[in-house]
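# Descriptive structure summary
Okay, here's what each chain looks like letter by letter:
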Amino acid sequence: MDHVQLAMPAGGEDRARAFYAGVLGMTEVPKPPVLAARGGAWFAGGAVQVHLGVEEDFRPARKAHPALAVENLAGVRAACDAAGFHTTPGEPLDGRPRAYVHDPFGNRIELIQTA
């Protein structure tokens, strides 16, 4: 998989940067100029990219979600909670602990501990 696309409302780029780069520690990736005019923002962490695209009639993905593998789940949860993004624990999957958080736009994000 190359990337996952999530929707966001127009004008939410700074909120996206604060969450995906500031809280989750991902790096913002420049969008190609032809796509940058549409708004949104792209982020990378390891081999995974999350693209946020502006959707006119935006509704958050509350069930569908990307799962981001993290090396320190407890630390990422603490950073999310400290920034006001409440996390909830999930049942372990294949023995790996996981949790859920919603981005600033209400999109569901799974956080799962790397093996």
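Scope of this entry: the structure provided in the associated data block. (Residues numbered from 1 in each chain as written. Predicted model: local features only at pLDDT ≥ 70, side-chain atom pairs only at ≥ 80, totals over all residues. Heavy atoms only, no water.)

### Quick look at helix α3 (residues 73–82)
Selection criterion: Per-residue accessibility, obtained with a 1.4 Å probe over protein chains only, is compared with the maximum for each type, and a residue is labelled buried under 20%, exposed over 50%, and partly exposed between these values. Numbering of helices and strands starts at the N terminus; helices are DSSP runs of H or I of at least 4 residues and strands are runs of E of at least 2. Summarising the geometry, the arc corresponds to the directions from the helix axis toward the C-beta atoms. Two residues qualify as a contact provided that any one of their heavy atoms is within 4.5 Å of a heavy atom in the partner residue.
By the burial criterion, the buried members of α3 are L73, V76 and C80. Across the axial projection of α3, the buried residues extend over an arc of 65 degrees, all falling on one side. Residues of α3 that are exposed and point more than 90 degrees away from the buried face comprise A74 and A82. Elements in contact with the buried residues of α3: α1 (13–23), β5 (67–70), β6 (87–93), β7 (96–102) and β8 (108–113). Trailing α3 by a residue or two, G84 shows a phi angle of about 90 degrees, which is positive.

### Some points on the nonpolar core
Which entries qualify depends on this criterion: The set of buried Ala, Val, Leu, Ile, Met, Phe, Trp, Tyr and Cys residues whose side-chain atoms join them within 4.5 Å is what this entry labels a nonpolar core.
Residues Y20, L24, L52, C80 and L111 are the most contacted members of the largest nonpolar core, which totals 25 residues. Contributing elements (two or more residues each) for this core: β1 (3–8), α1, β3 (41–45), β4 (48–54), β5, α3, β7 and β8. Among the elements that take part in this core, α1 stands out by supplying 4 residues, more than any other.

### Looking at the environment of W42
Structurally, W42 is set in strand β3. When the C-alpha positions of W42 and L52 are compared, they lie 6.0 Å apart, and in sequence the two are 10 residues distant. Excluding residues that lie within four positions of it along the chain, W42 makes contacts with T27, E28, V29, P30, K31, P32, L35, Q49, V50, H51 and L52.

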